[in-house]
Amino acid sequence: MKPYAEEGVPALAILNALPHPIFVVDADNTILNANQAAESFFGASSAVMHRDGLERLVPFGSPLFPLLDQVRSRGAAIAEYRVDMSSPRIGSDKLVDIYATPVSMTDACVSVLLLPRSVTEKIDRQLTYRGAARTVTGLAAMLAHEIKNPLSGIRGAAQLLEASASPEDRPLTRLICDETDRIAGLVDRMETFTDARPIEREPVNIHRVLERVKTLATSGFARGIRITEEYDPSLPPVLANRDQLLQVFINLVKNAAEALADQKDSEITFRTAYRPGIRLSVPGTQSRVSLPLEFTVMDNGPGVPDDVLPHLFDPFVTSKANGTGLGLALVAKIIGDHGGIIECESQPRRTLFRILMPTLEQTSDELDLKEDGAS
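Procedures and definitions
- Within each chain, residues carry numbers counting from 1 in the order of the written sequence.
- A pLDDT threshold of at least 70 governs which residues receive local features in this predicted model, and a stricter bar of 80 or more applies before side-chain atom pairs are shown or counted, although totals over entire chains, interfaces and linings include all residues.
- Water and hydrogen atoms were dropped before computing side-chain values, which therefore reflect all heavy atoms in the structure.
- Strands qualify as paired when DSSP identifies two bridges or more between them.
- For the purposes of this entry, the term helix denotes a DSSP run of H or I that reaches at least four residues, the term strand denotes a run of E that reaches at least two, and both are numbered from the N terminus.
- Axes here mean lines fitted to C-alpha atoms, for a helix over just the part in contact, with angles spanning 0 to 180 degrees between N-to-C directions.
- Here, two residues are considered to be in contact whenever any of their heavy atoms come within 4.5 Å of each other.
- An angle counts as roughly parallel when it lies under 35 degrees, as roughly antiparallel when it exceeds 145, as roughly perpendicular when it falls between 65 and 115, and as oblique in every other case.
- By the definition used in this description, the sense in which the near helix is turned from the far one sets the handedness, with an anticlockwise turn below a right angle giving left-handed and a clockwise turn giving right-handed.

*Asks:* Explain the sheet that holds strand S2 (residues 31-34) here, please?
*Replies:* Pairing between the strands of a sheet comes from backbone hydrogen bonds, and it takes one of two forms, parallel or antiparallel. With respect to topology, five strands assemble into an open sheet ordered S2-S1-S5-S4-S3, the strand pairing being antiparallel. Sheet topology places S2 and strand S3 (78-84) at the edges, where each strand pairs with a single neighbour. Adjacent strand axes in the sheet meet at a mean angle of 25°, parallel and antiparallel pairs treated alike. As paired elements, strand S1 (residues 22-25) and S2 share three bridges and run antiparallel to each other. Bridge assignment links Val 25 to a residue of S2, and that residue is Ile 31. Taken strand by strand, helix H6 (residues 64-74) contacts S1, S3, strand S4 (95-102) and strand S5 (110-116), and its axis lies near 20° from that of S4.

Right, dumping it as structure tokens:
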């Protein structure tokens, strides 16, 4: 068998088959060539990348530039880990490992390989979110038993006092009743986490779910906000509980609408896509399942505060003055129960929640494996 080069396979075709961004720069940091993964990473074609140069694509002061200088001066390969290349142009969550290698000793060209870390760290964070949800499950069960029963007694006593209280004291007894009702409502919401029954699933067309959410939003809490769709019409169904998916997207859209409340050019975008490549292990088996279904809710609001973003799906974490911090924790639990993951990327005028889930056939196979293991 002849080598690929003798068969006439172009080198760029081989590079395009690789899943990681690779590009070559000259002494002036002009991008001479780039594979398709690099085009996807930077959100630009090779021609645009060549025209703009690396300085227009990478943030000012990025560690990539001194790294390239070191490679040229030493004439040897250098690697740097956990480099943040996020920018308004290419988006947030662009944490990468960089491997830079001199192409030749004469023209100062350098080949750069980027290994994005976001996917693995995203999965690690998702496991943390699921652990947090399990913690809330135990806490909710305890609260339901230890708090709700005494609350009913307190409310009953306040009602008895109200009947004989003076007009001046009745607002105080009313306050006791209102506050006990508020605490009972909070505990009711937390009891949702204790439901460990198997999920009733069926094939669900995600676009019909999103259209239902749009109808509810535009006629209610998101009235006056523009909602646009960017759908992949060929998307296969997802095996899921339709009502729970409705709950997930209503929660996400309601959060977006509240963030856009004081903004004139407010817009929420629904986006669906098929993106193979991300695979997870099925707990308790040797099987691995991919998560190719991508559902995104994006808004052009002010963004999530930096100190809140890393803990956004933890219970009782919220940036709202009157929020409980349970809505997104419940969203993470529902998506996790469906075998998917959820992640948030945020910067001013671009906040998106991305949900990755398995297809109908993959989820059915996973359920069969779990049933076989239980029998």
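There's plenty left to go through after this.
*Asks:* For this particular structure, what's the right way to read the pairing of strand S9 (residues 267-274)?
*Replies:* Remember that side chains alternate between the two faces of the sheet whenever the strand is regular. Bridge count between strand S7 (residues 226-230) and S9: five bridges; the pairing is parallel. Its bridge partner being in S9, Glu 230 is matched across the sheet by Arg 271. Sheet topology note: the S9/strand S12 (residues 293-299) ladder contains seven bridges and is antiparallel. Within the sheet, the bridge partner assigned to Ala 273 lies in S12 and is Glu 294.

*Asks:* I tried to follow the packing of helix H10 (residues 206-218) against helix H11 (residues 242-259) on my own but got confused; where do I start?
*Replies:* When two helices pack together, you describe them by how their axes are tilted relative to each other and by the distance separating the axes. Two numbers describe how H10 lies on H11: the axes approach to 10 Å, and their chain directions differ by 50°. The orientation of H10 with respect to H11, classified from their angle, is oblique. Pair H10 / H11 crosses with right-handed handedness. For the pair H10 and H11, the contacting residues are Ile 206, Val 209, Leu 210, Arg 212, Val 213, Leu 216 and Ala 217 in the first and Arg 242, Leu 245, Leu 246, Phe 249, Ile 250 and Val 253 in the second.

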